[in-house]
Amino acid sequence: MVTAAGPWDSTGQRTAERDRVVAREHTGGADHGRGSGAAGSPRPAPSAGAVLAALGGTTAPGGGTKAAPADGTAVAEVLDPLLEDPALGTHRAASVVDLTTGKRLYGLGGDVPLTPASTTKIATAVAALTALGPDHRLTTRAALEADTGELVLVGGGDPTLTAREDARGLASLRTLAEKTAAALEKRDVRKVTLSYDTTLYAGAEMHPIGVNENLAPVTALMADEARTDDSTSGPAPREGDPADAAARAFAGFLKQHGITASAPGPSKATDRSDTLATVSSPPLSTLVERMLTNSDNDLAEALARHTAAASGRPADFDGASAAVGETLKRLGLPVGGARFHDGSGLDRADLVTADLLTALLAEAADPARPQLRPVLTGLPVAGFTGTLAGRYTDGAAGLVRAKTGTLTGVNTLAGTATTPDGHVLAFAFLANETTDPWTAQYTLDKAATSLTS
């Protein structure tokens, strides 16, 4: 099942893993305060485990018929001592489910809501894919007001819109400017009054955590996640007004094509405006993978707002939070006690149970819901990609796929693990009020590794 969904899927997302088998370029990704690793000389990658072998049939990676999965008693014997580690703080929960049979193999406070940190993104991913579909794209457009001649850059809620010369498959602000300039020239227009429209979103732009390098102000128009450096993931300094910065960049690109634009200001495109040009993001399936692999907070908040809009709710923090919860409830998932206050998990008021996290993963693995498969293929692969690239290098590299979560006093991990007989288990470990984050992280990694042996 995992191989059918990835890691070598047709979108190219998992192509990076094959490259890393030859040489690892950098640590990649970041998770709530941990910086990206700097690029260095190529190093041998850890050996890939059975998750990179065929798991779609009925035979185990080494040949022969798959054995029955471990029973709950065996799993408990392994996990109980690990999860009693004082490093995991005073509140902890765990759940393990066999994705082949749906059988619950282990539970420790599985129905107790705890702060999930970035594992919240799994819920955001399932909700967005359900509400919008995997082929949905986020579109940025340039519109001309016929009566005033005002050119409006209309934000489509795509934080991956890029102003960089190499768009790398993303929607390009440069391309939008080029297409817009060509359309203006056909109308014999060489000078415009430029404005920008961010009204797709509502409410406050600032996340409750305030100014923070893990997240730009949440607005429907930004370029390169409003990063002011050349980074593509992890913490980074951000523009104070992402929409204004994107519009100014757009004006600069228009000038390169012979169009002079005024200094931009906020506005709203009317129904009478004429769309001159558009650019669209990669499909939502790819955006979900990027969000999970790199723990991308900007994408998470954007996808939560798009879920709200698709659900008929205001595209603000409250509307997005309500829409995510309602969408999961309609899927029949155990949302009792869950509280969503954002899409990224940066808000410490978020609450999720271990049982809900494993249920989300099981839903994504359901053959009847192929549209949710990017939730699995986007999970970082131990020792290879995203926020797990530098972890499990001497343990379960390639055998564990998991979303990490880290806040002060919070360590969480949720994903899948492949057993020696080829079964895929979904697991969720949550620890709150931890005092030593690195020891807590190591302990959770050991717990995930234990499921693969």
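A brief report on the enclosed structure follows.

Here is what the cut-offs are and how they apply
- Residues numbered from 1 in each chain as written.
- Predicted model: local features only at pLDDT ≥ 70, side-chain atom pairs only at ≥ 80, totals over all residues.
- Heavy atoms only, no water.
- Helix = DSSP H or I, 4+ residues; strand = E, 2+ residues; numbered from the N terminus.
- Buried < 20%, exposed > 50% of the residue type's maximum accessible area, 1.4 Å probe, protein only.
- Contact = heavy atoms within 4.5 Å.
- Expected span 1.5 Å × (residues − 1).
- Pairing = 2+ DSSP bridges.
- Axes fitted to C-alpha atoms, helices over the stretch in contact; angles between N-to-C directions.
- Salt bridge = Lys/Arg side-chain N within 4 Å of Asp/Glu carboxyl O.
- Parallel < 35°, antiparallel > 145°, perpendicular 65-115°, else oblique.
- Left-handed = near helix turned anticlockwise from the far one by under 90°.
- Nonpolar A, V, L, I, M, F, W, Y, C, P; charged D, E, K, R; others polar.
- Core = buried A, V, L, I, M, F, W, Y, C linked by side-chain atoms within 4.5 Å.
- Phe/Tyr/Trp six-rings, centres within 6.5 Å; stacked < 30°, edge-to-face > 60°.
- Lys NZ or Arg CZ within 6 Å of the ring centre and 35° of its normal.

Some details on the overall build of the chain
Here comes step 1: Summing up its helical and strand segments, the chain has 12 helices and 11 strands in all.
Here comes step 2: The buried share of the chain, taken over its 453 residues, is 58%.
Here comes step 3: Partitioning the intrachain contacts of the chain with sequence separation of at least 6 by distance along the chain shows that 68% fall at a separation of at least 24.

Here's the deal with helix 6 (residues 242–256)
Here comes step 1: Its 15 residues give helix 6 an end-to-end C-alpha distance of 22 Å, which sits within 8% of 21 Å, the value for a rise of 1.5 Å per residue.
Here comes step 2: Inspection of helix 6 places Pro242, Ala243, Asp244, Ala246, Ala247, Phe250, Ala251, Phe253 and Leu254 among the buried residues, and these make up the whole buried set.
Here comes step 3: Looking at the buried positions of helix 6, the neighbouring elements they touch are strand 3 (139–144), strand 4 (150–154), helix 5 (173–186), strand 5 (191–197) and strand 6 (260–261).
Here comes step 4: Directly after helix 6, the chain includes Gly258, whose backbone phi takes a positive value near 85°.

Details of the sheet that holds strand 1 (residues 91–98)
Here comes step 1: With antiparallel pairing, the five strands of this open sheet are ordered in space as 2-1-11-10-9. The sheet is open, and its two edges are formed by strand 2 (104–108) and strand 9 (400–407), each paired on a single side. Strand-to-strand twist across the sheet, computed as the mean angle between neighbouring axes with direction ignored, equals 5°.
Here comes step 2: For strand 9 and strand 10 (residues 410–418), the ladder comprises eight bridges, and the chain directions are antiparallel.

Let's talk about the pairing of strand 9
Regular strands place their side chains on alternate faces of the sheet.
Here comes step 1: Burial analysis of strand 9 places eight of its eight residues in the buried class, the great majority of the element.
Here comes step 2: Here strand 9 shows no split at all, with Val400, Ala402, Thr404 and Thr406 on one side and Arg401, Lys403, Gly405 and Leu407 on the other all buried.
Here comes step 3: Between strand 9 and strand 10, which pair antiparallel and follow one another directly, the connecting turn spans two residues, one of which, Gly409, has a positive phi of 80°.

Re the pattern of salt bridges
Here comes step 1: Tallied over the full model, the rule gives 13 salt bridges.
Here comes step 2: Where Arg164 meets Asp224, a salt bridge forms, and the shortest distance between an N and an O atom there is 3.8 Å. Taken together, the residues Arg164 in the loop between strand 4 and helix 5 and Asp224 in the loop between strand 5 and helix 6 connect sequence positions 60 residues apart.
Here comes step 3: Residue Arg290 is joined to Glu225 by a salt bridge in which the shortest nitrogen-to-oxygen separation is 4.0 Å. In this pair, Arg290 is assigned in helix 7 (residues 284–294) and Glu225 in the loop between strand 5 and helix 6, connecting sequence segments 65 residues apart.
Here comes step 4: Overall, the relative accessible area of 19% leaves Arg290 in the buried class.

Topic: the packing of helix 4 (residues 120–132) against helix 10 (residues 354–365)
Here comes step 1: In contact at an axis separation of 10 Å, helix 4 and helix 10 are set at 40° when each is read in the N-to-C sense. With respect to each other, helix 4 and helix 10 are oriented oblique. The hand of the helix 4/helix 10 crossing is left-handed. Between helix 4, through Ile122, Ala123 and Val126, and helix 10, the contact on the second element is made entirely by Leu357, Leu360 and Leu361.

Focus: the side chain of Asp355
Here comes step 1: Tracing the backbone through its elements, the reader meets Asp355 in helix 10.
Here comes step 2: Not counting the four nearest positions on each side in its chain, Asp355 is found in contact with Ser95, Arg104, Gly110, Asp111 and Pro334.

Concerning the environment of Leu99
Here comes step 1: Residue position: Leu99 is located in the loop between strand 1 and strand 2.
Here comes step 2: Separated by 324 residues in the primary sequence, Leu99 and His423 place their C-alpha atoms 7.7 Å from one another.

A closer look at the packing of helix 4 against helix 8 (residues 297–310)
Here comes step 1: Look at helix 4 against helix 8: their axes get within 9 Å of each other, and the N-to-C directions meet at 40°. Considering the angle they form, helix 4 stands oblique to helix 8. Regarding helix 4 and helix 8, the two cross each other, and that crossing is left-handed. Across from Lys121, Thr124, Ala127, Ala128, Ala131 and Leu132 in helix 4, the residues of helix 8 making contact are Asn297, Ala300, Leu303, Ala304, His306, Thr307 and Ala310.
Here comes step 2: Looking at the contact of helix 4 with helix 8 residue by residue, the classes come out as eight nonpolar, four polar and one charged.

Quick notes on the nonpolar core
Generally speaking, a soluble globular protein has its nonpolar side chains buried in company with each other.
Here comes step 1: If you look at the biggest cluster of nonpolar residues, it comprises 45 residues, and the most contacted ones within it are Ile122, Leu328, Phe340, Leu356, Leu357, Leu360 and Val375.
Here comes step 2: Listed in part, the 29 residues of the second largest apolar core include Leu151, Ala223, Phe253 and Val279.

Observations regarding the packing of aromatic side chains
Geometry of an aromatic ring pair is reported as the spacing of the ring centres plus the angle between the planes.
Here comes step 1: Evaluation of the coordinates by the stated rule reveals one aromatic pair.
Here comes step 2: Ring plane angle 25° and centroid distance 5.1 Å describe the contact between Phe427 and Phe429, whose orientation is recorded as stacked.
Here comes step 3: Assessed through its relative accessible area of 1%, Phe429 is described here as buried.
Here comes step 4: The aromatic ring of Tyr201 is capped on one face by Arg305, whose charged end is 5.6 Å from the ring centroid.
Here comes step 5: Just above the ring of Phe317 sits the side chain of Arg305; from NZ or CZ to the centre is 4.2 Å.

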